[in-house]
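# Reading the structure
Listed below, chain by chain, are the residues.
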Amino acid sequence: MRKNIVAGNWKMNKSLEEGKTLISEIMNTQNSSDCQIIIIPPFIHLSVANEITCNSNIAIGAQDCSANQSGAYTGEVSAQMIKSAGCQYVIVGHSERRAMHNESNNLLNIKVNQALENKLTPIYCCGETLEEREANRHFEVVKQQIQEGLFTLTEEQIKNSVIAYEPVWAIGTGKTASADQAQEIHNYIRTIIADKYGNSVAQEISILYGGSVKPQNAQEIFAKEDVDGGLIGGASLKAEDFIAITKGF
Ligand code: PGA
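Let me begin by describing the structure that accompanies this report.

Okay, the overall build of the protein next. Tallying secondary structure elements over the protein gives 12 helices and 8 strands in all. For 249 residues, the compact-globule estimate of 2.2 N^0.38 gives 18 Å, and the C-alpha radius of gyration of the protein, at 17 Å, lies within 12% of that figure. With respect to the three principal axes, the spread of C-alpha positions in the protein is 45 × 45 × 35 Å. In the protein, which comprises 249 residues, the share counted as buried stands at 54%. Summarising the internal contacts of the protein: among those between residues at least 6 apart in sequence, 71% fall at separations of at least 24. Separation between the mean location of the 21 positive side-chain charges and that of the 29 negative ones in the protein comes to 2 Å.

Quick look at the structure:
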């Protein structure tokens, strides 16, 4: 019923030429997979990435958008601009932006609205730090991130959103949450959404796992009932690994 998704977040990697090559490699290696593939390169790659993939089933997304519509915001890129480059998705609230740019749940709520108003699907990231997990606060932290970031949305809007659970301690560290740990939180997230919007809405929302997903562990994680795919960092930078992950369903 809900979409399986594998999204590759390149972060701040690849020159324009290297990016074009990687996208072409992904397109050449990929043959029909059971999921929506999304490539999320840096801003300057977006137009060309959309040109290369326009006749394929690969979608393109941006890594962030501004909370503002337009105007004197040097260095920022609006949701409208991202849409105009041909994108369908935008990551909102990646833990690196929460940590390094002090992005709060309330600011992210504004960004989510900007995305939806411009017909982009937000991929809203949540997840606890190691300290929070060790203090057994992970449920509480994720609940607050979801409530403050998303719960002003209408039913229709939340149905057009994707959630990514990414425990900060698993990002780029080689430490993955176990498949059972992922399932536990994913199920919890779906329950919180069901409490607010009803079960049928909750069942329609794709919830992705992110944090050191590799070809070797993707299948076990994606097999869990409430895990609908992954947000992939490091392993999305090699076509072969990324495509292998998309075959993990
Ligand atoms: P990673 O990153 O796969 O390199 O751990 C995931 C992410 O930050 O989205």
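In terms of nonpolar packing, the biggest core is built from 62 residues, with Leu150, Ile163, Ile189 and Tyr209 touching the most fellow members. Beyond its immediate chain neighbours, meaning those up to four positions away, leucine 150 contacts Asn109, Val112, Tyr124, Gln145, Ile158, Ile163 and Tyr197.

On to the packing of helix 1 (residues 16-29) against helix 12 (residues 239-246). One way to put it is that helix 1 packs onto helix 12 with a least axis distance of 9 Å and a crossing angle of 45 degrees. Considering their axes alone, helix 1 and helix 12 lie oblique with respect to each other. For the crossing formed where helix 1 meets helix 12, the hand is right-handed. In contact with Leu22, Glu25, Ile26 and Thr29 of helix 1, helix 12 contributes Ala239, Phe242 and Ile243. When its residues are assigned to classes, the contact of helix 1 with helix 12 shows 5 nonpolar, 1 polar and 1 charged.

With that out of the way, let us pick up the sheet that holds strand 3 (residues 58-62). Within a beta sheet, neighbouring strands are joined by backbone hydrogen bonds and run either parallel or antiparallel to one another. Strand order around the closed barrel formed by 8 strands is 1-2-3-4-5-6-7-8, with parallel pairing between neighbours. On average, adjacent strands in this sheet sit at an angle of 25 degrees to one another, irrespective of strand direction. The pairing of strand 1 (residues 5-9) with strand 8 (residues 229-232) spans 4 bridges and is parallel. Residue pairing for strand 8: glycine 8 is matched across the bridge by isoleucine 232. The sheet strands contacting helix 7 (residues 138-150) are strand 5 (121-126) and strand 6 (162-165), and the helix crosses strand 5 at an angle near 150 degrees.

The next thing to look at is unusual backbone geometry. Across the chain, the bulk of peptide bonds are trans and the bulk of non-glycine residues have phi less than zero. You will see that asparagine 102, though not glycine, has its phi angle at about 50 degrees, which is positive. Looking at the element boundaries, asparagine 102 is found in the loop between helix 4 (95-100) and helix 5 (105-117). Take asparagine 102: its relative accessible area is 67%, and that puts it in the exposed class. Notably, serine 212 is not glycine yet its phi reads approximately 55 degrees, a positive angle.

Turning to helix 11 (residues 215-222), a few remarks are in order. Asn217, Ala218, Ile221 and Phe222 are the residues of helix 11 that are buried. End-on view of helix 11: buried residues confined to an arc of 125 degrees, all on one side of the axis. The exposed set on the far side of helix 11, more than 90 degrees from its buried face, consists of Gln216, Gln219 and Glu220. Tucked into the core, helix 11 has its buried residues touching strand 1, helix 9 (179-197), strand 7 (207-210), strand 8 and helix 12.

This part takes up the pattern of salt bridges. Enumeration according to the criterion identifies 14 salt bridges in this entry. Aspartate 226 is the salt-bridge partner of arginine 190, the closest N and O atoms lying 2.6 Å from each other. Here the residue arginine 190 occupies a position in helix 9, and aspartate 226 occupies one in the loop between helix 11 and strand 8, the gap between them amounting to 36 residues. With respect to burial, arginine 190 and aspartate 226 carry one shared label: buried. Connected via shared salt-bridge partners are Arg2, Arg190, Asp226 and Asp228.

On to the packing of aromatic side chains. Describing an aromatic ring pair means giving the distance of the ring centres and the angle of the ring planes. Following the criterion strictly, the structure yields 4 aromatic pairs and no others. Measuring from centroid to centroid gives 4.9 Å for phenylalanine 139 and tyrosine 188, while their planes differ by 70 degrees, and the two rings are edge-to-face. Taken as a pair, phenylalanine 139 in helix 7 and tyrosine 188 in helix 9 lie far apart in primary sequence, 49 residues in all. Here the aromatic rings of tyrosine 165 and tyrosine 209 are separated by 6.3 Å at their centres, their planes lie at 50 degrees, and the arrangement is tilted. Pair noted here: tyrosine 165 is in strand 6 and tyrosine 209 is in strand 7, with a separation of 44 residues, a long-range link. As far as the burial class goes, tyrosine 165 and tyrosine 209 line up, both buried. The ring of tyrosine 197 is capped by lysine 196, whose NZ or CZ atom sits 5.9 Å from the centre of that ring.

Conventions and cut-offs
- Residues numbered from 1 in each chain as written.
- Predicted model: local features only at pLDDT ≥ 70, side-chain atom pairs only at ≥ 80, totals over all residues.
- Heavy atoms only, no water.
- Helix = DSSP H or I, 4+ residues; strand = E, 2+ residues; numbered from the N terminus.
- Rg over C-alpha atoms; globule rule 2.2 N^0.38 Å.
- Buried < 20%, exposed > 50% of the residue type's maximum accessible area, 1.4 Å probe, protein only.
- Contact = heavy atoms within 4.5 Å.
- Lys, Arg positive; Asp, Glu negative; His and termini not counted.
- Charge placed at Lys NZ, Arg CZ, Asp CG, Glu CD.
- Core = buried A, V, L, I, M, F, W, Y, C linked by side-chain atoms within 4.5 Å.
- Axes fitted to C-alpha atoms, helices over the stretch in contact; angles between N-to-C directions.
- Parallel < 35°, antiparallel > 145°, perpendicular 65-115°, else oblique.
- Left-handed = near helix turned anticlockwise from the far one by under 90°.
- Nonpolar A, V, L, I, M, F, W, Y, C, P; charged D, E, K, R; others polar.
- Pairing = 2+ DSSP bridges.
- Arc of directions from axis to C-beta.
- Salt bridge = Lys/Arg side-chain N within 4 Å of Asp/Glu carboxyl O.
- Phe/Tyr/Trp six-rings, centres within 6.5 Å; stacked < 30°, edge-to-face > 60°.
- Lys NZ or Arg CZ within 6 Å of the ring centre and 35° of its normal.

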